[in-house]
Amino acid sequence: MKLSTAENQRLRTRYGSWALVTGASSGIGKEIAERLAEAGLNLCIVARRKTALEEFATLLRTNYRVEVLVIEADLSETSGNETVLNAIQNLDVGLLVASAGFGTSGFFADNTLDEEQQMLAVNCASLLALTHHCSRVFKARKKGGIILLSSLVAFQGVPYSAHYAATKAYVQSLAEALYHELKPFGVDVLAAAPGPVSSGFADVAKMQMSMSLQPSDVGTPILKALGRTSTVLPGFLSKLLVYSLRTAPRPLKVRIMQLIMGGMTEHQRKN
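The rules behind each value
- Residues numbered from 1 in each chain as written.
- Predicted model: local features only at pLDDT ≥ 70, side-chain atom pairs only at ≥ 80, totals over all residues.
- Heavy atoms only, no water.
- Helix = DSSP H or I, 4+ residues; strand = E, 2+ residues; numbered from the N terminus.
- Rg over C-alpha atoms; globule rule 2.2 N^0.38 Å.
- Buried < 20%, exposed > 50% of the residue type's maximum accessible area, 1.4 Å probe, protein only.
- Contact = heavy atoms within 4.5 Å.
- Phe/Tyr/Trp six-rings, centres within 6.5 Å; stacked < 30°, edge-to-face > 60°.
- Lys NZ or Arg CZ within 6 Å of the ring centre and 35° of its normal.
- Right-handed = clockwise from strand over helix to strand, strands pointing away.
- Pairing = 2+ DSSP bridges.
- Axes fitted to C-alpha atoms, helices over the stretch in contact; angles between N-to-C directions.
- Parallel < 35°, antiparallel > 145°, perpendicular 65-115°, else oblique.
- Nonpolar A, V, L, I, M, F, W, Y, C, P; charged D, E, K, R; others polar.

(A) Up close: the overall build of the protein. When its secondary structure is counted, the protein shows 10 helices and 7 strands. Its C-alpha atoms give the protein a radius of gyration of 18 Å, within 12% of the compact-globule value 18 Å for 271 residues. Overall, the protein is about 50 × 40 × 30 Å in size when its C-alpha atoms are taken along their principal axes. Counting only residues that meet the buried cut, the protein has 52% of its 271 residues in that class. Of the contacts formed within the protein by residues at least 6 apart in sequence, a portion of 71% connects residues at least 24 apart.

(B) The packing of aromatic side chains, seen in detail. Throughout the structure, instances matching the rule amount to 1 aromatic pair. Look at F107 and Y160: their rings are 5.6 Å apart centre to centre, the planes differ by 80°, and that puts the pair in the edge-to-face class. Of the two residues, F107 sits in the loop between β4 (93–98) and α5 (113–141) while Y160 sits in the loop between β5 (144–149) and α6 (162–182), which places them 53 residues apart along the sequence. Note that K30 overlies the ring of F56, its terminal NZ or CZ placed 5.2 Å from the centroid. Note that K139 overlies the ring of F185, its terminal NZ or CZ placed 4.5 Å from the centroid.

(C) Inspection of the pairing of strand β6 (residues 187–192) at higher detail. By the criterion of burial, β6 is predominantly enclosed, with 6 of the 6 residues buried. Of the two faces of β6, both are covered, the one formed by V187, V189 and A191 as well as the one formed by D188, L190 and A192. Handedness of the β-α-β unit built from β5, α6 and β6 comes out right-handed. Pairing of β6 with strand β7 (residues 231–232), which is carried by 2 bridges, proceeds in the parallel orientation. Each bridged residue has a counterpart across the sheet, and for A191 the counterpart in β7 is T231.

(D) View of the packing of α5 against α6. Two elements in contact, α5 and α6, have axes separated by 10 Å at closest approach and are oriented at 10°. Judged by the inter-axis angle, α5 sits roughly parallel to α6. Only H163, Y164, T167, K168, Y170, V171, L174, L178 and L182 of α6 make contact with α5, whose side of the interface consists of E116, M119, L120, N123, C124, L127, L128, T131, S135 and K139. Among the residues forming the contact of α5 with α6, the class breakdown is 11 nonpolar, 5 polar and 3 charged.

(E) Examining the pairing of strand β2 (residues 42–47) more closely. Burial analysis of β2 places 6 of its 6 residues in the buried class, which makes it a mostly covered element. Of the two faces of β2, the one holding N42, C44 and V46 and the one holding L43, I45 and A47 are both buried throughout. For strand β1 (residues 18–22) and β2, the ladder comprises 5 bridges, and the chain directions are parallel. Residue pairing across strands places T22 opposite V46, the latter belonging to β2.

What follows is the structure, encoded as structure tokens:
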């Protein structure tokens, strides 16, 4: 799914000339990065897998004639965030897409503390550091955009994905508040809350997802929503799942999510 010519022009005008995209080697981050390149924005793409980034950068330069800066960084480490901030300090970055993240699932007590802390560092601490930096720069400039990748699971507790859902609740809450704080300064903030997406996430989280969207289903709706609302539920499946639970009491939402996530993780909880 591609953006219209008018939308491409809007993105260039409001957020050009450079965009910073984390988690750009796969999934939603990669899809959004390509749509931004198609719109004519130069890109700083961040991930741990340098080879994958270099291959993607070559594709973007060839197909869209944009400049691409590859930043190899482990965002679970403080040094990784410092690497990113140092790399962009002399670039006119006007858009942050904080897409890097991963999940754990199953019984929280059975997961290792090290893995949970790494997830917290990537999903929350790194996102905080980059968002804080860009908020300051964009606020002073009175122009810019920030997209934070939330999730369908951000709106209630989710048994068998307890900590991952908690990290996304943090992202959702932060984005909703910053939308209002930064709006008077000409800075657009968006929480993107997709449902299950086929992006390699399920393999890392050891989940079996029978229904999922493709990254191409959600990238364009996310970019179209930036500057127009505080939260977007990209894709029909995301909207269906959230709206069907909207009127349910919170304890019932948690129970329903337990049933859904229980089906996705039953294979590993039996091991």
